[in-house]
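Chain and residue survey
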Amino acid sequence: CSTLHAADYCGAQACKLWVENIIIKDHISNLEPNELRRLTENARACHADPLYEAAGEELAKRAPVDVLAKADSQILAEIVDRHLEKRQRRTQELAFVTVNGKLLIYDSATGSNLQTLDAHGDCINCVAYSFDNSTIATASDDCTVRLWNADTYACLHTLQHD
């Protein structure tokens, strides 16, 4: 803390903020997940932005689902928005299917084609992402349902139906 006081005395704001962040990160790294959740909620309520940002980031990294489920819904939404990788959430990914069996993945923000797969030998009737966005399912007139890894676009399983 003497470094923090020296930086404050000299007017070195950038140095002071850097030291504060180091102290905050050291403190929150030792908290249990439920304590970290409460700290995040309290920091938001008190408008302690540096503490709220750091605690939210740490909570997103290591809190189990049962702890996150107890979090205030507004805080949970902000944690998801700020700290989870956009690619994991697939908020901008859009899947299209064609009558000739192709699965097309587009970035809805830019319109760019991310991937084109020869997914089936016939018309694809349905496409859906799994709840956790890790898998894409396609169903086709070729009497198959295929499951695709949403990161690598590799076919995981082919299920035959009548």
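Residues numbered from 1 in each chain as written. Predicted model: local features only at pLDDT ≥ 70, side-chain atom pairs only at ≥ 80, totals over all residues. Heavy atoms only, no water.

Where helix H3 (residues 33–45) meets helix H4 (residues 49–62), the axes come as close as 9 Å, and the angle between the chain directions of the two elements is 150°. Of the possible angle classes, the one that applies to H3 and H4 is roughly antiparallel. The handedness of the crossing between H3 and H4 is left-handed. Across the interface between the two elements, Pro33, Leu36, Arg37, Leu39, Thr40, Ala43 and Arg44 from H3 touch Leu51, Tyr52, Ala55, Gly56, Glu58, Leu59 and Arg62 from H4. (Axes fitted to C-alpha atoms, helices over the stretch in contact; angles between N-to-C directions. Helix = DSSP H or I, 4+ residues; strand = E, 2+ residues; numbered from the N terminus. Parallel < 35°, antiparallel > 145°, perpendicular 65-115°, else oblique. Left-handed = near helix turned anticlockwise from the far one by under 90°. Contact = heavy atoms within 4.5 Å.)

All right, on to the side chain of Glu93 then. Inspection of the secondary structure puts Glu93 in strand S1 (residues 93–97). According to the relative accessible area criterion, Glu93 is buried, its value standing at 10%. Only 2.8 Å separates the side chain of Glu93 from the side chain of Tyr129, close enough to count as a polar contact. At 3.4 Å, the side chain of Glu93 forms a polar contact with the side chain of Tyr153. (Buried < 20%, exposed > 50% of the residue type's maximum accessible area, 1.4 Å probe, protein only. Polar contact = N/O pair within 3.5 Å; in protein donor to acceptor, adjacent residues only side chain to side chain.)

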